Each structure stands twice: as C-alpha cells, then as structure tokens.
Amino acid sequence: MGNWRLKGIALGLAALLVMLALSLVGCGSGGKQPGEGAQGSGDSQGNKAAVEFPTKPVEMTVLFGAGSGADLLARKVAEIAGKDLGQPISVVNRTGAGGATGYTYVKGQKADGYAIIWNSNSINTAYHAGNMNFDYKTFSGIAELTTEPVSIAVKADAPWKDINEFVEYAKKNPGKIRIGNSGKGSFTHLAAVALENKTGAKFTHVPFGQGLAVSSLLGGQIEASSQLPAEIMSQVKAGQVRILAVTGEQRLKTLPDVPTFKEKGIDLTLSLWRGIAVPAGTPEPVINKLEAAMKKVTENDEFKKFAADMGANIEYRGAKDFDKFIAQQDQELASLMEQIGMKKQ
Amino acid sequence: MAKDTLSSLVLAGIGLFFLIYSRQYDWGNLASPGEAVFPLLLAVAVLVMAGWLFGHSILGRKTAEEEGVPTGENSLRVLILTVLIVGALLLMDVLGFFTSSFILVLLCCRLLGVRQWSLATGIAAGAALGAYLIFGFWLKVSFPAGLLI
Amino acid sequence: MPLLEGLQVALTPFNLFACFIGVIIGTLTGVLPGLGPAAAMAMLLPLTVKMGPTAGLIMLAGIYYGAMYGGSTTSILVNVPGEPASVVTCLEGYKMARKGRAGAALAVSAIGSFIAGTLGIVLIQLFAPPLARAALQFGPAEFFALTIVAVILLSNLSGKGGLKAFLMIAVGLLLSTVGLDPLGGINRFTFNYAGAGTGLSFIAIAAGLFGVGEIFWLASRPDENAEVMQVGLRDLYPTREEIKRSLPPMLRGSFLGFLIGLVPGPAATIASFASYSMEKGLSKHKEEFGHGAIEGVAGPEAANNAASAGAMVPLLSLGIPFAPSIAVLLSGMLLMGVTPGPLFLRDHPTAFWGVIGSMYIGNVMLLVLNLPLVGIWASITRIPQKYLMPVVLLFCMVGAYADNNNLFDVWVMLGAGLVGYLMRRFDYDPAPLLIGLVMGPIMERSLRQALIMGRGDPVIFLASPISIALYVVALAIFVFTLVKKFRGKGQTMAATGCR
C-alpha cells in the first residue's frame, strides 16, 4: 500500500533538490552581475537607465503598520508622486524592531531606485538601540518632505497655565510629574528627555503605545503627555486636553494658538522628520528624478492640506541637504539615547 | 517513555533557553523594570511547572492514557511533508513565491493520495494561479519574486 | 428622533452603495487570512476621503464591522482562522464541519454576528459616553489585574488538566516576548535576525497550530480513514434545536464582547476566547465541547462582533483609538475634517447618525449576503480532504506571508504546524498557548508601566477598588476550579482517558 506514492514523492523530492542545487549555483553567478553593474558600471550606463526610469512600478517600504500616521502620509506621497513619475508607487508595510526589519529589507534590494523607503528618525534610533548593525550611511537621501513636532500636553483642568509654570513645578518636585510617551527610546521619549536637559526639570517617563497615553492622561493616571500632535488633536479640539508647547521651529498651522518652546524662552527644537531614501549606490540621475518628483509633492495643494490635517509641517530638503541634516540629527539623538541608557552602539 | 515525561522535558528546555537568553538583558529596578524581568519570571514559571509535570509523570500512578509515545503511524509522511515545505520556502527567493508553491501543492497532493498526476497538476495550478490573482495581482501584495513569479 | 433621520441618510442611494461596498470588502478581508481590516481600510482611505464624510465613514465602518463576519468561514471549513478573532471558532466550528454540520455552524455564526452587531449598535447609542468614562478609570495597574483574571479564567478552556493548560499559557506568554519589547526600545530573543523583529506573528502561529497542524495530522493517518462527507441539501441549515441552543450564548456573548471591546488591545480576540470559556462552563452539553458544540461557535462569533462594536465607543465618545483598525477610522475622520470624540456628534450630526444608521443597515446586508453563501461554502466540505488540504496549505502560507510581507512568518507557520501536530499527539491543547500569545504584550506592558507609574512602589497594584475587586474575582475562580477538580477527579481522569 502506498508504495507507488512514496516512489513518486521520492522522485519529486530528488527533482526538487536538484533544482535547488542548480538554482543556488545559478543564483551565485547571477547574483554577481547586478552587483558588479552597480559598482563598476560608471555613469554612462547609469545615465541611460535613469533616462528611462521608472519603467516599472516602484515599491515604497513603510516601517510602521497600515493606518499609522507614517503610513498615511506615505500613501499620500506615493499617490501623488506616482502620477508624476508615470509609474505607480506601491506601499508595502514591513514593520518590526522599531524599523530595523524594513531597513534591513530595503538595504538588501538592488540600488536601482525601484526600492525606496519612507525614512524617519527611526534610522537613528533603531541603530543606536542596537536593533541593526548598519546606520544612516547605508542609505542615500532623496528628499525630506515633512516634519512633526512633539507636543507637551496636560489635562484641561490641570493647574499649570503655561509651559514655564509646568517646568517650574517639575523642577521643584522632581519625578512627581509622570509624562507619557509613545515608547521607550521613541522620539517622543527623547523629546521629553531633551526638555529635562534644557530646563533642569525631572520627570517620571512612562512608555505607552498608540492611543493609551492619551486615555491615561484623560483618566488622570499620568500628569502630562509627550505625543505627536496628530495623536492628541481631537482631544485638544474637544477641549479635554491642553497643549502647553510644541518643539517645532514654528507653530503648527492647525494649532495656531499653541506656542513653541523657543517663544517661551526654552531653547528646545526637535522635530520628527520624514522623507524618502534609497539604498546607497543608487545612480545619481535616478536620485535626481525621484528628488524632482518629491519636490513637486511638497508643492502640491492636496498634499499641503493632507499634511496639515495630519499635524505635520511641510519642510522640503533636497538630497544633499537631507543627508547632511540626517548626519547632524544622528549625533543629537545618539547623545539623548546615551543619557537614558539606551545607546548600545 | 511516557508522553508527559518527554513533553515536560522539551518544555523545560524551552524555559531554560529563555532563562539563559534573557540574562543578557537588563533587569532594571523596581521603579523602572527592564526588558529581562517579564521573560525571566515566565521562564522560571515554565521550568517549575514542567518540573512538576515531569515529577508527576515519573512518580504518579500510571493510568491507561499514559502509554508510551505513539509511533508507527505514518510519521514518514509527516517528515516528507516537512521537507517539502522547507524546500519550497528555500526555493522561493529563486523561483518566486507562486512557482515554488505550485510545486509544493503538486507534491503535497501526491503525498496525500491523489493518484493521477494530471489531477494533482490541475489542483496545484488552480491554487497557485488563484492565490496569485487574488493576492499578487489584485491586492498587490509584494511576494518574493524569482526567475518566474 | 435622530436615529430615524440617520436611517434616512443611510438609505440614500449613494450612502447605501457605500455601505454595500464596505461590507463586501469587509467580508473579504475577513475571509482572506493575512489581510486585516486595518490594511484594507488604509488602502481605501484616499477613495473614502473623496467621498465626503458621511459616505466615506459609512464605507470605512462597513469594512471594519464586516471583517468580523467573514473570519469564521475559513475557521469552520478548513481550520484556518481568517483573522485573529476567529481562532476560537476553529475549536468547535471545524469539528462541526467534520461531522457534516458546516452549514449549521456557518449559519449560526452569521446569525450570531448579526445579533451581536445590532445589539452592539444599540448599546453604543444608549451608553457610549458613560461607558467611555468608566473605561478611563482603567490604568495599567487595573489592566494587569484584568489580564490575571483572564489568564485564570481562560486556563479553563481546555479539558486536558489545569497544569498543562497553565504550562501552555506560560509558554505562549514567553513566546510573545520574542521581538520588540512592548515598551519600545530593543529586540529580544531574535539572534539579531531582522526578520524576527516583528515577533512571532499571531496569525502565522494560529494558522500553523490549527490549519497546518491538521494537514500534518492528516498526512500521518492511514488512507482508510479518509472519509468522504455526505452532506445533503437539507443539512445545510441549522435545525430548530441548534438554533434554540445557540440563542442564549449569542446574547451572553454580545454583552460580554461589548464590555471587553471597551478595553484596549486585541479585544475581539480576547472576547471570543472569554465567551467560549463561559459557554463551556454554562453549557448543559459539556461533553460535546471539543467535538463540535454549537454553543462554542455561537457565543464567540457573537462576542467578537460585539467587541468590535464596543471598541468604537472610546473612538466616538473620547476620540481615542484602542486598536489599529480603529486608528485608521480615526485618521479617516481627521482627513475628512471631522473631529472624532464628543465634537463629532455636535459638529456633524448628519454624519454621526448616518454612520449609526448605516451600521444597522450594514448588519442586515451582511446577514442577507452571508446566509445564501452558507450553501456554497458548506459544499466545500464535500471535497475529499486529500484534494482540499494541499490548497489549504498554500492558503495558510499566503496568509502568513501577506500579514506582514515577511517570509520569516511563513517559517514560523511551518514550525507552529509541526508543534501543533506534536501537541495533538502528546495531548496538549493549542488554544491556551494562543491565549498566552495574545495576552503577553498587554500583561508585560501593564506590569512594567504600573511599576514605573508607582515609582517602584508595588502598592499601586492594590491602590484602586477596581484592581482589588478583580483580584478577588481571580482568586474566587481559581479556588472554585480547584475545588471542582478535586471533587470530580475520578471523572476527569476517566474522561481524558478515552480521548
């Protein structure tokens, strides 16, 4: 019984193994060619490819889940830029390890401009937290598109009228104010630590996930929250929560009454930037083409409105400036992470 | 060996693995517990319970259910199926998701007793094509692509 | 009365159409494993924004609650949960299908979903603001107490001995710690492999333990056992007796699910487990559990729908999302210029009541849509398993992959499949392991948050009356089960002996 079948399976298995062996050999030799091409092709080949770029759909990796703030902005960028490039940009969520999973994936793709990534400060934090063994230099910036400040908010009936009173209280009562952030070592956590540094105040930092910091604030379990404005916008509009200040360079368009820290005499500016990057080694002309498309996105009225509704400011930086900016941010965030004992490399 | 004896040893092994691995993480303190605390506590809990189960299965009264590990059923086919799936997963980066899953479904059909190659091929082709149309083409899920699809 | 106006708004052709498309897409995302409502809603968000707030929100909400209908289909037919909240339906639903009662299980889950969905909207309408305020009283310390109750209550799920169930829950909790620390920061137990940074995907493990485990089990059987199901047309729908037995579980599941829905986290999944365990405790047909008890389909399916309605309460009355799919709904509102929370009703009464009205209509549509499908789906069980199972294997693989576009998840699924097969051979129940996997992140997060917020003083765990009450409940359940176990020890031994 079943003998005929086992024979068939054995045959099939053998065939599978042979194919595997063959394909590994094939892969070994086939895999080299594109690698050599990318390094040694020089400009002539790169130029030729770039003129025709893009000839097939582009894939944009997003490091956070479908429906997250990062994801929605990315999808809008993909929609608008895709029309301009003449090829659709498909958004693929590759979440996990604070961004490291997605970065590792894109790093392993061909540097031909077809695999792009929706980059953010996670490139700095994921590296320094020790979740990946490569840093921002692995990627070339295309363009920075938006920034989001961090907002320090308290419950509507809290006794502090403005940020200075709040900071004064935190100085006099070290550790008494519990401030919710969106995760240990996250950008909102680092922003609160930076506030401590600049003012000498002392908080108890409580890491939360999405949404929960806000409900704990409303429920009175914590005294303040450090969140991206989008997370807390509807409670602000409903009058349940007050934002004392935002860390941006300028005020937010959607919250024109909320001052920046700078205006209040506290020298704190930190913003979560978002933009597009590609694996390092992508031909210059391809980068230029993508860069131009991204510039057009930031000038698009529909995108401007969308970004404002999401609590983001539009801040364009071209490829060269963007790389310099990331390098500078990397140092700043590294020292903040060192302070909270999270800098592993 | 009785079923519970063997399985409790395996579970204790899992507990031990997490116990040793989590030692490299931070304990923190009571006011700021680190990332090692939760897994470490659980690993200890698993070890204790697995030990309990082990002791119970060795010392406890033998009831009818505690016969030896069942063997003899067609374990060979389970092994072959595992190898088939592993092979398909390894082939995915080379042949692409759908081609290798076509081969997998084809061989799996044969393994489970579909006698005719033609029928098995039909099922495999239909399944792979259907999955491609729904997930790859329509939903635009980005699957590993190889030489084919 | 505003609801009537809402129904009028929802009944305008365009809104009706939006609702229809929404629930169809919702059902599809439920059926297809790996594609969750959050992803589907995010994909369609640009389109819905252009449709305007009323129609747009009607469509998004349709996808959201429609997803709970489809999920049970694959659980029942091929033992593969279409989404996390349908895992528990595998336990009894698949067994029913193997007995030729797939039609009954499918029909009961559609009816249960309808009843719970409708009841859920009624509850939203009547009690949303006070319930939301009550939910705010829960901080990390209270959540931790809640997870303790849940673990103790749900360990009752399996009939295979308390120690083994607790052991499996503990292993599940342990496995949940793989990947990124839930408080953020670093990766654990990944051997520095980036693909594992996502952690062990729940849907991959569930599909592995149930679906792939079943395939391995089938492969290990001699061929003589491969029976062909004879399902007549009359067997496609539930009998009067089955309906009668299902109604009380549906109602209980609805209320339980709605309450659990108010809690942050994967509420629908936990609600379905909780309902299953409750029905098992209350049922007059305890001996049928594990062999295809209809109560075990009706209760959980009602509970996960009610939980998805309950999860809308914090969004509608506070503007806070407690689950990823609700977060997409919130983003959608912001993009449409609608502020979720208390201002929603004040500033956009048409949209608010339109959406509420459309949810009633959408639930009716889903019922009408799903009942005729029962026949078609149920006939799948007539296909001999040797033809069906290879296709199911592919289905599981695609689902595990598509959930996060990560091949590592497919490896996890294969591993879980083997483990599922071995667990069956060694008399372990996979369900408690999945409970551990779901509860792990919530438990760890709330434990550590509570300690941080108490500044290191463990008294915070007993600081509120809610926590104390929850611990008392947990203790009571624990003592009760122990007493019951010692009393009926002889019987349980005999029962496990003739598995």
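Just above, that's the structure.
It should be emphasised that the depicted structure is a prediction, and the values quoted were computed from it without experimental measurement.

K.L.:
Describe helix H1 (residues 2-11) of chain C, and please don't skip the residues or the numbers.
P.N.:
Residues and elements named next belong to chain C. The set of residues buried in H1 consists of Leu 3, Gly 6, Val 9 and Ala 10. Along H1, the residues classed as buried sweep out an arc of 110° about the axis, all on the same side. Facing away from the buried side of H1 by more than 90 degrees, the exposed set consists of Leu 4, Glu 5 and Gln 8. Of the surrounding secondary structure, the elements contacted by the buried residues of H1 are helix H2 (13-31), helix H4 (53-78), helix H6 (102-136) and helix H16 (349-379).

K.L.:
Break down the nonpolar core for me, with residues and values.
P.N.:
Grouped together as the largest cluster of nonpolar side chains are 308 residues, with contacts concentrated most on Met 60, Trp 118 and Phe 166 of chain A together with Ile 124 and Leu 434 of chain C. Ranked by residues supplied to this core, first place goes to H6 of chain C with 16 residues. Among all residues touching Ile 124 of chain C, those that are not within four sequence positions of it are Phe 258, Ala 309, Met 312, Val 313, Leu 316, Ile 356 and Met 359 of chain C. By size, the runner-up hydrophobic cluster in this structure holds 18 residues, among which are Ala 126, Met 132, Phe 134 and Ile 326 of chain A.

K.L.:
Run through the interface of chain C and chain B, naming residues and quoting values.
P.N.:
The interface is formed by 66 residues belonging to chain C together with 67 residues belonging to chain B. Taken over both partners, the interface formed by chain C and chain B buries close to 6,100 Å², and the fraction arising from carbon and sulfur atoms is 78%. When residues of chain C are sorted by the area they lose upon contact with chain B, Leu 174, Phe 189 and Arg 425 of chain C head the list and together hold 12% of the total. Connecting chain C to chain B are two salt bridges. For Asp 427 of chain C, the salt bridge identified is with Lys 3 of chain B, shortest N-O distance 3.1 Å. Remark: the boundary between chain C and chain B carries ten residue pairs in polar contact (both at pLDDT 80 or more). Elements that contribute at least two residues to the side of chain C that touches chain B include exactly helix H8 (162-176), strand S2 (187-188), helix H9 (202-220), helix H17 (385-404), helix H18 (407-425), helix H19 (430-453) and helix H21 (489-497) of chain C. Of the residues forming the side of chain C that touches chain B, the biggest block, eleven residues, is contributed by H17 of chain C. Considering only residue class, the side of chain C that touches chain B consists of 46 nonpolar, nine polar and eleven charged.

K.L.:
Describe the pairing of strand S4 (residues 139-149) of chain A, listing the residues and the values that go with them.
P.N.:
Residues and elements named next belong to chain A. Burial within S4 is extensive, with eleven of its eleven residues counted as buried. The sheet contact formed by S4 and strand S10 (residues 271-279) spans nine bridges and is antiparallel. Note that in S10 the partner of Gly 141 across the bridge is Ala 277. Pairing between S4 and strand S11 (residues 313-317): three bridges, direction antiparallel. From the neighbouring strand, Thr 147 faces S11, where its bridge partner is Asn 313.

About the thresholds
- Residues numbered from 1 in each chain as written.
- Chains lettered and ligands numbered in written order.
- Predicted model: local features only at pLDDT ≥ 70, side-chain atom pairs only at ≥ 80, totals over all residues.
- Heavy atoms only, no water.
- Buried < 20%, exposed > 50% of the residue type's maximum accessible area, 1.4 Å probe, protein only.
- Helix = DSSP H or I, 4+ residues; strand = E, 2+ residues; numbered from the N terminus.
- Arc of directions from axis to C-beta.
- Contact = heavy atoms within 4.5 Å.
- Core = buried A, V, L, I, M, F, W, Y, C linked by side-chain atoms within 4.5 Å.
- Buried area = accessible area lost by both parts, 1.4 Å probe.
- Salt bridge = Lys/Arg side-chain N within 4 Å of Asp/Glu carboxyl O.
- Polar contact = N/O pair within 3.5 Å; in protein donor to acceptor, adjacent residues only side chain to side chain.
- Nonpolar A, V, L, I, M, F, W, Y, C, P; charged D, E, K, R; others polar.
- Pairing = 2+ DSSP bridges.

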